[in-house]
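Working through the structure, step by step
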Amino acid sequence: MADMVSVHQNNAALDEYGPGLVAVFVGGTSGIGESTAQAFVRHALNPRVYLVGQNAEQAARIITEMQESNPRAEVRFLKKDISLLGDVDDACREIQERDNEVNILFMSPGVSKGGYSTQEGLDKKLSLHYYARMRFVVNLMPQLTMGSNRLSRVISVLGAGGEGPLILEDLALKTNYSLRNCANHAITMTSLAMNELSQAHPSISFIHTYPGVVKTNLTRDMGTVAHAGAKMLLNLAAPWIVPLKESGERHLYLATNKIFGRLATRRVITAPPANTEFTMQAYLVDYRGLPRQNLKLLQRYNRDGISRTVWAHTLDVFKQCECK
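Structure report, in brief. (Residues numbered from 1 in each chain as written. Predicted model: local features only at pLDDT ≥ 70, side-chain atom pairs only at ≥ 80, totals over all residues. Heavy atoms only, no water.)

**Details of the packing of helix H4 (residues 85-98) against helix H5 (residues 124-139)**
- At a minimum axis distance of 10 Å, the contact between H4 and H5 shows a crossing angle of 35°. Read as a crossing pair, H4 and H5 show a hand that is right-handed. In contact with Leu 85, Val 88, Asp 89, Ala 91, Cys 92 and Gln 96 of H4, H5 contributes Ser 127, Tyr 131, Ala 132, Arg 135, Phe 136 and Asn 139.
- Within the contact of H4 with H5, the residues separate by chemical class into seven nonpolar, three polar and two charged. (Axes fitted to C-alpha atoms, helices over the stretch in contact; angles between N-to-C directions. Helix = DSSP H or I, 4+ residues; strand = E, 2+ residues; numbered from the N terminus. Left-handed = near helix turned anticlockwise from the far one by under 90°. Contact = heavy atoms within 4.5 Å. Nonpolar A, V, L, I, M, F, W, Y, C, P; charged D, E, K, R; others polar.)

See the structure below:
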């Protein structure tokens, strides 16, 4: 576990990676994404940053603050509806036109409401939490691979450790939608997909994090009653809340500390009863860097080939959306 002294020491030494690190923050105009982006700009040497989101007013404020904290930072805002895979593709093309290398792909977009379909036929919440994020990874894989000479990390902030059962005959939740099922599918498919991607792309670190209780504006789209309930729960959880600025510093640590590099010792899970070893190639951790994963479920799904099933489904969804 990294204490804040270690976190600050790591982040203060970020210039050791050299100038011109390129970072993409999907959902970077608020919450943990914004806080991590701000921390990155404060510590990096001549960084190049892409903020992907919809709120141009927020982005303008953030860019001004970033340029004040680091005048040598180059920051661009890409206004996109990232629940739409078509907009994800557009954002990636704009990034690829300017940069051959991406060092950090940090993804934290989200919405509290569910059950609303996008024009591509996907649930908006499930798309923001899973499909759109994986589309960014697939599209930017050449740039991430180029970045691996010094730093290449993919971070998805969601709910590592909260993996739950999948409805295998309805992974997109077309007929079995609920907020609980949506959370189970987004979290579990993220962990499984990242493990598949880690094995296919060993030069890149894939990190799925559980951020803890952080006060963000994720409840902004809730109704009055639900918003009041969420506010009450946050008040009750006050002793355990991670301050937003601290969350950003901690996530920057996860995105840059060498312990989460591809050469770090990987965790091993012994799989009973076959006495074989299941090695998670992706990092599933909490905001402190401690392992957090539903080992028994992931172990069983790995044994049964569900990781490959999930990834094949993901690619199939991408193809279907391209045809619309």
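**Focus on the pairing of strand S3 (residues 74-79)**
- Sheet topology note: the strand S2 (residues 48-53)/S3 ladder contains six bridges and is parallel. Bridge pairing in S3 places Arg 48 opposite Glu 74.
- Traced from S2 through helix H3 (residues 56-69) to S3, the parallel crossover comes out right-handed. (Pairing = 2+ DSSP bridges. Right-handed = clockwise from strand over helix to strand, strands pointing away.)

**Looking at unusual backbone geometry**
- A positive phi angle is found at Asn 46, which is not glycine, with a value near 50°.
- Looking at the secondary structure, you find Asn 46 in the loop between helix H2 (31-43) and S2.
- Phi is positive for Leu 173, which is not a glycine, with a value near 60°.
- Following the sequence through the fold, Leu 173 ends up in the loop between strand S5 (153-157) and helix H7 (179-200).

**A few points about the nonpolar core**
- Counting 58 residues, the largest nonpolar core has Val 24, Leu 105, Tyr 130, Tyr 131, Phe 136, Val 154 and Phe 206 as its most contacted members.
- Membership of the second largest hydrophobic core comes to 36 residues, among which are Ile 104, Ile 207, Leu 252 and Tyr 253. (Core = buried A, V, L, I, M, F, W, Y, C linked by side-chain atoms within 4.5 Å. Buried < 20%, exposed > 50% of the residue type's maximum accessible area, 1.4 Å probe, protein only.)

**Here's the deal with the packing of helix H1 (residues 4-12) against helix H9 (residues 244-256)**
- The N-to-C vectors of H1 and H9 enclose an angle of 60°; their axes lie 9 Å apart at closest approach. Compared by their axis directions, H1 and H9 come out oblique. As for how H1 packs across H9, the hand of that crossing is left-handed. Residues Met 4, Ser 6, Val 7, His 8, Asn 10 and Asn 11 of H1 touch H9, and the partners they reach there are Glu 246, Glu 249, Arg 250, Leu 252, Tyr 253 and Thr 256.
- The residue inventory of the contact of H1 with H9, partitioned by class, reads four nonpolar, five polar and three charged. (Parallel < 35°, antiparallel > 145°, perpendicular 65-115°, else oblique.)

**Focus: the packing of aromatic side chains**
- Scanning the entire structure with this criterion turns up five aromatic pairs.
- Summarising the aromatic geometry, the rings of Tyr 130 and Tyr 131 are spaced 5.1 Å apart at their centres and angled 70° between planes, so their arrangement reads as edge-to-face.
- Ring geometry for Phe 260 and Tyr 283: centres 5.5 Å apart, planes at 85°, overall edge-to-face. Residue Phe 260 is located in the loop between H9 and strand S7 (268-271), and its partner Tyr 283 is located in strand S9 (residues 283-286); the two are separated by 23 residues in the primary sequence. Of the two residues, Phe 260 and Tyr 283, both sit in the buried class.
- Pairwise contacts between aromatic rings join Phe 25, Phe 40 and Phe 106 into one cluster. (Phe/Tyr/Trp six-rings, centres within 6.5 Å; stacked < 30°, edge-to-face > 60°.)

**Quick look at the sheet that holds S5**
- Spatially, S3-S2-S1-S4-S5-S6-S9 is the arrangement adopted by the seven strands of the open sheet, whose pairing is parallel. In the strand order of this sheet, the two ends are held by S3 and S9, each with one partner. Taking the axes of each pair of neighbouring strands and ignoring which way they run, one obtains an average angle of 15° across the sheet.
- Bridge analysis of strand S4 (residues 104-107) against S5 gives four bridges, and the strand direction is parallel. Following the sheet pairing, Leu 105 is matched in S5 by Val 154.
- On top of the sheet, H2 reaches strand S1 (22-26), S2, S4 and S5; it is set at about 165° to S1, its chief contact.
- Sheet contacts for H7: S5, strand S6 (205-210) and S9; angle to S6, the most-contacted strand, approximately 160°.

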